[in-house]
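# An overview of the molecular structure
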Amino acid sequence: MAIKKLSLTIKKHEEPNVVVGAWLAQKDLDAIEAKVGEFVYASIGWSGSKSCRAKIIGTLPENEQGTIGLTEDRIYEGNFKAGEACKVWKHTIWF
Amino acid sequence: METKVFTLHQIDWVIIAIYILVVIGIGLFFGRRVKNQGEFFVASKKLPWWICSLAFMTVLISAQDIVSYSQTGYDAGFAAFQMYLDDCGWAVLFLAIGVPIYFLSGIYSVPEYMERRFDKKTRVVSSIAMLIFMLALMSFNAYAVGVMLNTMFGLDVFIGMMAISIITAIYTTAGGIMAVMITDTLQAVLIFVGGGFIVFSGVKMAGGFTEMMTNLPTGHRSLFTPLLDPNYPQLGMFFGGAFAITAAWYFAHQGNIQKILAARTLNQARLVTGVFMGILMPIGVLFTGMPGIILRSLAEQGVVAAPADTSASFLVLVGLIAQPGVLGVIVAFLLSAMMSTGSTYINSGVTIFVNDIYMQIWDKKSDKHYLLVSRISSVVVAVVVPFVFAKYFMQFDSLMTALYSVTSAVMPGMVIAAILGIVTKKIHSNTATLVILASIVGVMLAIFIPDVFLKPFCFGTYGTPGCSWYNSLAGTVWALAALVIGQLIWHKQEKADEEYYGMVYFAQPSSKLEEIYWASIAKGGKGYIDLSTEEIKEIVEK
């Protein structure tokens, strides 16, 4: 059971009253076979200590392909910094 | 007691020093990323399944298991392994209903589940049972470490306990469960390398597997001891092992459950249990009981003198086969087994204390406050508690019997309440509380007034060294009696149907369990417990 992963650059993305949020370009969503409303998992390294889960709230413009927008609470939860590259995949009961 | 069995060379000390520094370094490194109790207790469900599986296994291969199962292997042979057979049934049941309920609910501890499923008073008595269980396990591990260090270096048992407890406390206190589990991964590798070397070399020294088996006393080749054996009674081991300790290992062992709760997804949590039971446990148990069996065969062949104290069986074998350099790796393997289990018990004991006792009294404090309390408690639990229990353990000739007299004994009520709580809505909170309390009281009476409260459960073997195995039968009978009485008095369903959603496996379709979980995650929660009953009802009944 293989899972499709993408390497994306983290950036902060805020919308009012939204937590646990993630935004990806439509092409990136298609590449990991995810849709708005589903969950993604973002991770740096092997240990899991720098990682978090987030719900896909919407899409980013096409010119922002290769990046993932995360709400501030997700950046804090994941121990991330904006500008870092992370692996992203569709978060299901398996992965 | 001065019973040094081998001498370490310079190269061995270097290997051991590097190992200890690496473990502490990992703890301190990952400790920087621990921000709240969620990360300290269950790593915020972030860890990959393979780390969780290896960490799960390291709890099994502990100092206490190596010392006590090797001793049993020497004294009774393959019967040392029989309790591992019980895992098959309990693990499958746990995979099917226990993992989904615990994982998706978002709890940190079993008593926390007990409060959600039953009520506050059930949580209080569960916390007492769990604390006795976890602290006894932790203390026994520390005591076994003391016994080992005494045998290895002639170090005083209490000083050895203290030294390892302090080292373990440093990285557990700094990094919480994440540091515990990541260091466990390194320790698991050492356990496989060191344990594999000992068993392989030992069997080779005994002339190969067939020769080793041929030279064992006849009774040692059987997986089962006589039903009413004075030292290892089959009947008592069944009640203590199969019904109490193994069931508790899955359904009520806070240390193990935390490792499953740290997995990223529900199916990865199931995979952790499956990989542990199907692959890692069968390999790992070879490292605990086999050294004693191998040494017994060597003693029967006249290759080595029978050890004066059979609790030193494992180390006597190590002294026979290890060379300088290799000995350092083996001692590092032993330290791995000691510290990986010790750190798990420290962290889980603290989880129960902080999550289920401290936070219930002093609520609404900041994450930073609770994290500080967790860290201070880790030090106290690691350094002070083991000495209290060690006094009790020292009165037993058999370490395995000493361990199970307490650990398997306090758990029957807890196991019955947890499993029935997960399976059915029909158990009332008063009944669950009564069952757990009856089990604890019954066992305490059996331990402290054995003439009256243990003797009737010993099938005529009272007074033999093995009769402590029946403590758990006493606890089970008391718990079952309480269950029957409770069901007769409180036989009506206690709460509305919707209050069981997410808490009782059969209260809703299993697909709804996952829906509730994801709805909670989307709001920044951990699982059902962060949603209101109305929100859960809406999801289940839509």
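Above this note sits the structure.
Here the structure is a predicted model, which means the values were calculated and not measured.

What counts and how
Residues numbered from 1 in each chain as written. Chains lettered and ligands numbered in written order. Predicted model: local features only at pLDDT ≥ 70, side-chain atom pairs only at ≥ 80, totals over all residues. Heavy atoms only, no water. Helix = DSSP H or I, 4+ residues; strand = E, 2+ residues; numbered from the N terminus. Rg over C-alpha atoms; globule rule 2.2 N^0.38 Å. Buried < 20%, exposed > 50% of the residue type's maximum accessible area, 1.4 Å probe, protein only. Contact = heavy atoms within 4.5 Å. Areas by Shrake-Rupley, 256 points an atom, 1.4 Å probe, with all protein chains shown as cover. Lys, Arg positive; Asp, Glu negative; His and termini not counted. Charge placed at Lys NZ, Arg CZ, Asp CG, Glu CD. Core = buried A, V, L, I, M, F, W, Y, C linked by side-chain atoms within 4.5 Å. Polar contact = N/O pair within 3.5 Å; in protein donor to acceptor, adjacent residues only side chain to side chain. Buried area = accessible area lost by both parts, 1.4 Å probe. Salt bridge = Lys/Arg side-chain N within 4 Å of Asp/Glu carboxyl O. Nonpolar A, V, L, I, M, F, W, Y, C, P; charged D, E, K, R; others polar. Pairing = 2+ DSSP bridges. Phe/Tyr/Trp six-rings, centres within 6.5 Å; stacked < 30°, edge-to-face > 60°. 1 Å grid on protein atoms, 1.4 Å probe; cavity = no way out; pocket = protein on both sides within 12 Å on 5 of 7 lines; lining within 4 Å. Points joined across faces, edges and corners; volume = space filled by probe spheres on them.

Of regular secondary structure, chain A possesses 2 helices and 6 strands. Along chain A, helices (α) and strands (β) appear in the sequence β-β-α-β-β-β-α-β when read from the amino end. The globule rule puts the C-alpha radius of gyration for 95 residues at 12 Å, and the 12 Å found for chain A is close to it. With the C-alpha coordinates aligned to their principal axes, the bounding extent of chain A is approximately 35 × 25 × 25 Å. Counting across all 95 residues of chain A, residues that qualify as buried make up 49%. If you take every contact in chain A between residues at least 6 apart in sequence, the share linking residues at least 24 apart comes to 77%. Split by element, the accessible area of chain A, about 4,500 Å² in all, is 53% carbon and sulfur. Between the averaged position of the 13 positive side-chain charges in chain A and that of its 12 negative side-chain charges there is a distance of 5 Å.

Attention shifts here to the overall build of chain B. Helix and strand content of chain B: 25 helices and 0 strands. On C-alpha atoms alone, chain B measures out to a radius of gyration of 23 Å, which is about the 24 Å that the 2.2 N^0.38 rule sets for 542 residues. On the principal axes, the C-alpha backbone points of chain B span a range of 75 × 55 × 40 Å. Looking at chain B residue by residue over its 542 residues, the buried ones come to 66%. Contacts in chain B between residues at least 24 apart in sequence constitute 82% of all its contacts with a sequence separation of at least 6. Summed over all atoms, the accessible surface of chain B reaches about 18,100 Å², with 68% contributed by carbon and sulfur. When the 32 basic and 32 acidic side-chain charges of chain B are each reduced to a single mean position, those positions are 7 Å apart.

Right, let's get into the nonpolar core. Tyr102, Met148 and Tyr250 of chain B are the most contacted members of the largest nonpolar core, which has 193 residues in total. With 20 residues, helix α8 (residues 120-153) of chain B is the single largest residue contributor to this core. The contact partners of Tyr102 of chain B, leaving out residues within four places of it in the chain, are Phe94, Ile107, Val110, Tyr113, Phe251, Ile257, Leu261, Ala418 and Ile422 of chain B. Listed in part, the 19 residues of the second largest apolar core include Ile44, Cys52, Leu70 and Val88 of chain A.

Here we take up the environment of Lys495 of chain B. All names here are of chain B. Looking at the secondary structure, you find Lys495 in the loop between α23 (471-489) and α24 (510-522). Spatially, the C-alpha atoms of Lys495 and Arg117 are 9.9 Å apart, while their sequence positions differ by 378 residues. Setting aside residues no more than four positions away along its own chain, Lys495 makes contact with Arg116, Arg117, Phe118 and Tyr500. Within polar-contact distance, the side chain of Lys495 engages the backbone oxygen of Arg117 at 3.0 Å.

With that settled, the discussion passes to unusual backbone geometry. Residue and element names in this part refer to chain A. Here the phi dihedral of Glu33 falls at roughly 60 degrees; this positive angle occurs in a residue that is not glycine. Its place among the elements puts Glu33 in the loop between α1 (26-31) and β3 (39-44). One non-glycine residue with positive phi stands out, namely Asn79, at about 60 degrees. A relative accessible area of 17% means that Asn79 is categorised as buried.

Let us now look at the interface of chain B and chain A. The interface is formed by 25 residues belonging to chain B together with 23 residues belonging to chain A. Buried area between chain B and chain A, both sides added, is near 2,200 Å², and the carbon and sulfur share of it is 60%. The interface formed by chain B and chain A contains 0 salt bridges. There are 9 residue pairs in polar contact (both at pLDDT 80 or more) connecting chain B and chain A. Secondary-structure elements contributing two or more residues to the side of chain B that touches chain A are α3 (49-60), α9 (157-205), α13 (266-284) and α24 of chain B. For the side of chain B that touches chain A, the leading source of residues is α24 of chain B, giving 5 residues. Class assignment for the residues of the side of chain B that touches chain A results in 12 nonpolar, 5 polar and 8 charged.

Residues and elements named next belong to chain A. A large share of strand β4 (residues 50-60) lies buried, amounting to 8 of its 11 residues. Two strands pair when backbone bridges link them, and strand β2 (residues 21-25) and β4 are joined in this way by 5 bridges, in the parallel orientation. Within the sheet, the bridge partner assigned to Ala25 lies in β4 and is Leu60. In this sheet, β4 lies alongside β3 in antiparallel orientation, the contact comprising 6 bridges. In the sheet register, Phe39 faces β4, and the bridge partner there is Lys55.

Okay, the pattern of salt bridges next. Per the stated rule, a full pass over the model turns up 19 salt bridges over all chains. Glu33 of chain A is the salt-bridge partner of Lys4 of chain A, the closest N and O atoms lying 2.6 Å from each other. Highlighted residues: Lys4 of chain A in the segment before β1 (5-12) and Glu33 of chain A in the loop between α1 and β3, separated in sequence by 29 residues. When its relative accessible area of 43% is taken as the criterion, Lys4 of chain A is described as partly exposed. Note that Glu72 of chain A and Lys12 of chain A form a salt bridge whose closest N and O atoms lie 3.7 Å from each other. Highlighted residues: Glu72 of chain A in helix α2 (residues 72-77) and Lys12 of chain A in strand β1, separated in sequence by 60 residues. Where salt bridges share partners, they join Glu115, Lys120, Arg123 and Asp356 of chain B into one cluster.

Residues and elements named next belong to chain B. Under the criterion given, the structure shown has 20 aromatic pairs over all chains. Centroid distance Tyr102 to Tyr113: 5.5 Å. Interplanar angle 80 degrees. Geometry classified as edge-to-face. Of this pair, Tyr102 sits in helix α6 (residues 87-105) while Tyr113 sits in helix α7 (residues 110-117), and the two are 11 residues apart along the sequence. Here Tyr102 falls in the buried class, since its relative accessible area comes to 1%. Measuring from centroid to centroid gives 6.3 Å for Phe453 and Trp478, while their planes differ by 55 degrees, and the two rings are tilted.

A word on helix α15 (residues 313-321) of chain B. Of all 9 residues that make up α15 of chain B, 7 are buried, and the element is covered over most of its length. On its buried side, α15 of chain B packs onto α4 (63-76), α8, α9, α14 (286-301) and α16 (326-361) of chain B.

Attention shifts here to empty space enclosed by the protein. Residue and element names in this part refer to chain B. Scanning all chains against the criterion turns up 4 cavities of 30 Å³ or more. Volume-wise, the second largest cavity comes out at about 100 Å³. Surrounding the second largest cavity, 14 residues form its lining, Asn141, Ala142, Ser165, Thr168 and Gly342 being those nearest its centre. Mapped by element, the contributors of at least two residues to the lining of the second largest cavity are α8, α9 and α16.

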